[in-house]
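Okay, here's what each chain looks like letter by letter:
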Amino acid sequence: MDKTDIAHIRKQFKVDNDLLTIHDIFNVYIMKESSEIYHHQSMPFDMLETEQQELFMENFKKVLTGQLDEKLFELKFQRDAENNSQLILHQGLLSNDTEEWKGQMLQLVEKMLKDKQYEMDIVVTFIRGEYMKPMKNMSEEAEESERDTVYSHPFILCSVNKTQDPKKELLFDYVEKEFKYNIVVDPIINLKAPISGFLFPSITDNASDVNHILYAAGKKNEPSYHFIEDVLNAEEIMTAAQDKLVFEEIVKNVAGDQAINTETLSNVYEEIHQMVEENEEEERPTLDAGDVEQVLTGSGMEDVSSEKITTAFKTVLDDEQYEFKASNVIPKYNSKSIKIETKIADIKISPQDLRHVRQVHFSGKRYLMMEVEENTVIEGFEMIPEALFQKAPEDNE
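Every chain is numbered independently, its residues counted from 1 as its sequence is written. Local features in this predicted model are restricted to residues of pLDDT 70 or higher, and side-chain atom pairs are both shown and tallied only at a pLDDT of 80 or more, whereas totals for entire chains, interfaces and linings draw on every residue. Computation of side-chain values: all heavy atoms of the structure, hydrogens and water removed.

J.: Got a minute to help me understand the packing of helix α6 (residues 240–255) against helix α9 (residues 306–316) in this structure?
T.: Working note: a packed helix pair is described by the angle between its axes plus the distance between those axes. Two elements in contact, α6 and α9, have axes separated by 9 Å at closest approach and are oriented at 135°. Relative to α9, α6 is oriented oblique. Relative to α9, α6 is oriented so that their crossing is right-handed. The segment α6 lies against α9, with V246, E249, I250, N253 and V254 engaging K308, I309, A312, F313, T315 and V316. Comment: axis = line fitted to C-alpha atoms, over the contacting stretch for helices; angle = value between 0 and 180 degrees taken between N-to-C directions. Only DSSP runs of H or I covering at least 4 residues are called helices, and only runs of E covering at least 2 are called strands; the numbering of each starts at the N terminus. Put simply, angles under 35 degrees are roughly parallel, angles over 145 are roughly antiparallel, angles from 65 to 115 are roughly perpendicular, and the rest are oblique. Handedness of a crossing is defined here by the sense of rotation of the near helix relative to the far one, left-handed for an anticlockwise turn of less than a right angle and right-handed for a clockwise turn. Every residue pair with non-hydrogen atoms within 4.5 Å of one another is taken to be in contact.

As structure tokens, then:
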């Protein structure tokens with residue numbers, strides 16, 4: 001499932017969209033003190049007031065918002081897991097009986113509550129529906145008949161949301177002409193920031209893939225492994241941040257005592273970025289041990305060998321066959337994503353500009369030197385260029 005597929009699904013979540021049908025919505029309220037179900041309620045989605053539908057639609061969009069491997073993760077189900085969630089979800093997807101579907105969703109909620117204590121009351125929302133994708137790209141001049149041929153995708157979406165205490169406010173009563181303290185005891189369900197969720201099944205090449213599920217974390221690079229492994233029964237994953245950290249450790253391991261200058265590091269990023277760009281329309285490119293060797297060699301790193309790469313993979317990952325997702329191991333290429341930290345100042349630059357930065361020694365001190373094309377301006381004041389190196393005086397004969 002790629003970002004294009006996710007974006008297409010996400011934009012369908014709007015009221016009165018003929019490409020999206022939501023059959024049922026099922027809300028389950030869970031108490032934090034007891035970790036038990038306090039109340040649950042199901043109804044046809046169309047029976048909600050328009051304002052409620054809009055609130056939920058925005059919430060569902062939030063679940064499907066974020067970068068792959070940062071907030072959104074395509075997971076593969078474990079094989080032979082006990083009380084398998086893949087089977088529960090698949091049965092729920094095929095069921096025509098609302099009570100049966102509710103029972104299957106409650107099984108998932110029970111798994112969410114097992115060995116888990118939440119810090120606040122939470123509401124788990126399930127919907128089941130169907131969205132359709134025209135086989136031809138629609139244009140403003142396209143005739144309605146083109147929608148007669150569509151890909152149909154039945155789905156189940158789950159959104160987990162926390163509750164919060166109502167605000168304490170002072171109100172003015174126009175009728176009684178007096179100030180009043182607003183007393184509200186009902187908790188507010190925060191639909192603007194879901195803490196977890198998922199979409200089942202995944203979509204690959206316009207076909208439903210029941211062997212995979214799209215999981216949504218509440219925060220970037222902070223997936224819930226309890227939710228992934230114990231609730232969804234999916235295989236363990238690596239976040240983009242973990243992928244990048246492990247890749248850096250492998251590069252350090254291969255380099256050994258060899259210093260990696262900024263030009264070499266910039267070359268590494270550029271090599272991988274080109275690989276990502278060349279495969280933009282295809283499946284996300286990966287880097288195995290052979291690819292890492294090729295990248296490091298092509299970037300100017302010395303004394304790189306297959307043996308060193310294999311040893312580094314064994315030492316850092318204990319897995320010689322591991323493949324990095326190329327887009328995960330480099331900083332965001334078209335933004336100032338690299339942060340250079342010093343005691344004096346923090347500087348942000350883009351990966352392609354890293355080659356213009358040097359750390360130099362002069363008169364027993366270390367300096368950070370940056371090549372710039374024009375005079376630097378600080379707080380509106382233009383800096384005057386200073387001579388760093390001076391010609392040594394000639395000896396008098």
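After that view, the rundown keeps rolling.
J.: I'm lost on the pairing of strand β5 (residues 150–164) in this one. Help?
T.: In summary, the side chains of a regular strand alternate between the two faces of the sheet. The criterion for strand pairing is that DSSP finds at least two bridges linking the strands in question. Summarising the sheet, strand β4 (residues 122–134) and β5 pair through 13 bridges and their orientation is antiparallel. Across the sheet, the residue bridging to G129 is F155, located in β5. Examined bridge by bridge, β5 and strand β9 (residues 196–200) share 5 bridges and lie antiparallel to one another. Along β9, the bridge assignment pairs V160 with S196. Pairing between β5 and strand β8 (residues 188–189): 2 bridges, direction antiparallel. Counterpart to Q164 in the pairing with β8 is I188.

J.: What is the right way to look at the nonpolar core in this model?
T.: Generally speaking, soluble globular proteins have nonpolar side chains that are buried together. Residues belong to one nonpolar core when they are buried, are Ala, Val, Leu, Ile, Met, Phe, Trp, Tyr or Cys, and are joined through side-chain atoms within 4.5 Å. Exposed residues in this analysis have more than 50% of their type's maximum accessible area, buried residues have under 20%, and partly exposed residues fall in between, with area computed by a 1.4 Å probe over protein chains only. Residues L75, L89, V124, F126, F198 and L232 are the most contacted members of the largest nonpolar core, which totals 33 residues. Ranked by residues supplied to this core, first place goes to helix α4 (residues 98–113) with 7 residues. Setting aside chain neighbours within four positions, we find L75 in contact with N211, H212, I213, Y215, I228, L232, A234 and I237. The next biggest cluster of nonpolar side chains, apart from the first, holds 31 residues, and it includes A289, V292, A312 and A326.

J.: How should the domain arrangement of the chain be read in this particular structure?
T.: Quoted interface sizes are often the accessible area lost when the parts come together. An automatic or database domain assignment supplies the residue ranges for each domain. Annotation of the chain at the domain level lists domain 1 (3–134 + 150–237), domain 2 (241–329) and domain 3 (338–382). Using only C-alpha atoms to locate each centre, domain 2 and domain 3 end up separated by 26 Å. In this complex, domain 2 contributes 7 residues to the contact, which on the side of domain 3 involves 7 residues. The term buried area means the drop in 1.4 Å probe accessible area that two parts suffer when joined, counted for both and summed. For the pair domain 2 and domain 3, the summed buried area comes to about 550 Å², and 50% of that belongs to carbon and sulfur atoms. Salt bridges are defined by distance alone: a side-chain nitrogen of Lys or Arg within 4 Å of a carboxyl oxygen of Asp or Glu. At the boundary of domain 2 with domain 3, the tally comes to 2 salt bridges. Across the salt bridge formed by R355 and E270, the nearest N and O atoms sit 2.8 Å from each other. In protein, a polar contact requires one atom able to donate a hydrogen and another able to accept it; more generally it is a pair of N or O atoms within 3.5 Å, and residues adjacent in sequence count only if both atoms are side-chain atoms. Counting across the domain 2 and domain 3 interface gives 6 residue pairs in polar contact (both at pLDDT 80 or more). We call Asp, Glu, Lys and Arg charged. Ala, Val, Leu, Ile, Met, Phe, Trp, Tyr, Cys and Pro are nonpolar, and the rest, Gly among them, are polar. Residue composition of the side of domain 2 that touches domain 3, grouped by class: 2 nonpolar, 3 polar and 2 charged.

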